[in-house]
Amino acid sequence: VTRCGVVAIVGRPNVGKSTLLNTMVGEKVSITAAVPHTTRHLIRGIITEGETQVVLIDTPGVHRPKTALGHRLNESARSVGDGLDAFVVMLEATSEFGPGDRRVLGALAEAAARTPTLVPLVVVNKVDVARRPRVAGTLAAAQSEVVALGEDLARRVEYYPVSARAGTGVAELLAALRAACPEGPFLYPDDEVTDLDEHRFIAELVREQLVRRLRDELPHSVHCRVTDYEWPHINVEILVERDSQKGMVIGRGGALLKEVGTAARAQLPEGVYLELTVRVDPQWQGRPEALDRLGF
Ligand SMILES: Nc1nc2c(ncn2[C@@H]2O[C@H](COP(=O)(O)OP(=O)(O)OP(=O)(O)O)[C@@H](O)[C@H]2O)c(=O)[nH]1
Ligand SMILES: [Mg+2]
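Let us now look at the coordination of the magnesium ion (ligand 2). Protein coordination of the magnesium ion (ligand 2) is provided by Ser 18 (OG) and Thr 39 (OG1), with donor distances spanning 1.9 to 2.1 Å. Note that Ser 18 is positioned in helix H1 (residues 17-25) and Thr 39 in the loop between H1 and strand E2 (43-49), a separation of 21 residues in sequence. We classify Ser 18 as buried; its relative accessible area is 8%. Residue Thr 39 is classed as buried on the basis of its relative accessible area of 7%.

Overall, the coordinates contain 1 aromatic pair when judged by the stated rule. When the ring of Tyr 229 is compared with that of Trp 231, the centres are 6.2 Å apart and the planes differ by 40 degrees; the resulting orientation is tilted. Accessibility expressed as a relative area gives 46% for Trp 231, which makes it partly exposed.

Turning our eyes to something else, we now look at the pairing of E2. Judged from the 7 bridges that link them, E2 and strand E3 (residues 52-58) form a sheet pairing that is antiparallel. Looking at the pairing, Ile 47 lines up with Val 54 of E3. What sits between the antiparallel neighbours E2 and E3 is a turn of 2 residues, in which Gly 50 has the positive phi angle 60 degrees.

Moving on: the site of ligand 1. Taken together, 23 residues form the shell around ligand 1, and within it Lys 17, Thr 19, His 37, Thr 39 and Asp 128 come nearest. The contact in question runs from an oxygen atom of ligand 1 to an N or O atom on the side chain of Ser 18, over 2.9 Å. Ser 163 is positioned such that a nitrogen or oxygen atom in its side chain is 3.1 Å from an oxygen atom of ligand 1. Its free accessible area being 650 Å², ligand 1 has 93% of it covered by the protein chains. Of the pockets mapped on this structure, ligand 1 occupies the largest pocket. Residues that form the shell around ligand 1 fall into these classes: 8 nonpolar, 11 polar and 4 charged.

Ranked by internal contacts, the top residues of the largest apolar core, which has 30 residues, are Phe 87, Leu 105 and Leu 108. Looking at this core, the elements with two or more residues in it are strand E1 (3-11), E3, strand E4 (86-92), helix H3 (99-114), strand E5 (119-125) and helix H4 (132-148). Contact partners of Leu 105, with chain neighbours within four places excluded, come to Val 89, Phe 97, Val 122, Ala 142, Glu 145, Val 146 and Leu 149. Judged by nonpolar contacts, the second largest core, of 28 residues, contains Val 15, Leu 21, Leu 56 and Leu 196.

About the thresholds
Residues numbered from 1 in each chain as written. Chains lettered and ligands numbered in written order. Predicted model: local features only at pLDDT ≥ 70, side-chain atom pairs only at ≥ 80, totals over all residues. Heavy atoms only, no water. Donors = N, O, S within 2.8 Å, 3.2 Å for Na, K, Ca; no water. Helix = DSSP H or I, 4+ residues; strand = E, 2+ residues; numbered from the N terminus. Buried < 20%, exposed > 50% of the residue type's maximum accessible area, 1.4 Å probe, protein only. Phe/Tyr/Trp six-rings, centres within 6.5 Å; stacked < 30°, edge-to-face > 60°. Pairing = 2+ DSSP bridges. Near = heavy atom within 4 Å. Polar contact = N/O pair within 3.5 Å; in protein donor to acceptor, adjacent residues only side chain to side chain. Areas by Shrake-Rupley, 256 points an atom, 1.4 Å probe, with all protein chains shown as cover. 1 Å grid on protein atoms, 1.4 Å probe; cavity = no way out; pocket = protein on both sides within 12 Å on 5 of 7 lines; lining within 4 Å. Sits in = over half its atoms within 2 Å of the grid points. Nonpolar A, V, L, I, M, F, W, Y, C, P; charged D, E, K, R; others polar. Core = buried A, V, L, I, M, F, W, Y, C linked by side-chain atoms within 4.5 Å. Contact = heavy atoms within 4.5 Å.

Below you can see the structure in the form of structure tokens.
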């Protein structure tokens, strides 16, 4: 018999959700960067081994929203709550347990109460750089919050310290996710690693390189999409909100855009011509109709 389970990873921005997804899948599916709000959509990574398939959903970081885009990201992170077999809350041992983490654990409690069969897990990430007392402190803070959220939840939650980047503890966590998979048919073919289509993946690779190089609020102001795809010629359009941002994305003498193109192309098959164009679309992320149009 086959087993198949759906698992969501939820947490504050930048704790390492996408890194964990990639490590578990064994290849890059979701882009990562040291800036919050890197992930903007639900991205599924599929891990099939033998008769068991785990469908892992990476979500946008949950935060206090300031823009229409921010609201959409939170909604999308919350919308995964139903139909799950396991729910992973990710915390990081490198920062103080805070109100954001408490909010995420609240969502875990709600999901667990709605679905009695759901396996609630708390993962403390970045144990490769945090000192042991910090890891223990984060685990203890999470546990006392879980206890405050109710006896039933406290009985059900399992805790896993991991390093998503170095892979420490990831096998143990994956074993727990597999154990949470009920009997049932696979949701995806066994050779598929993601539901992200090629166009969106390519646009994401370009956005990843931009996000890693831009400063301040600029990473949040860019949107990328494939506008032309005629193998081996691919054009990715970069939307920014203001004229001044266009200059920053292009860089001095086109230097930044060139770097971005080179780094993104290096991750694509040999022979691809990747062309990047930059266009100003004022306030694309402030307007709901623009967000609809761009697929948020
Ligand atoms: N030291 C260390 N850094 C990590 C680990 N996991 C992730 N990171 C780093 O943390 C930063 C954020 O990682 P992401 O995976 O993009 O985080 P995220 O939670 O998906 O962030 P959002 O999509 O913005 O919500 C990146 O710089 C990662 O390299 C880890 O186990 N150890
Ligand atoms: Mg992410």
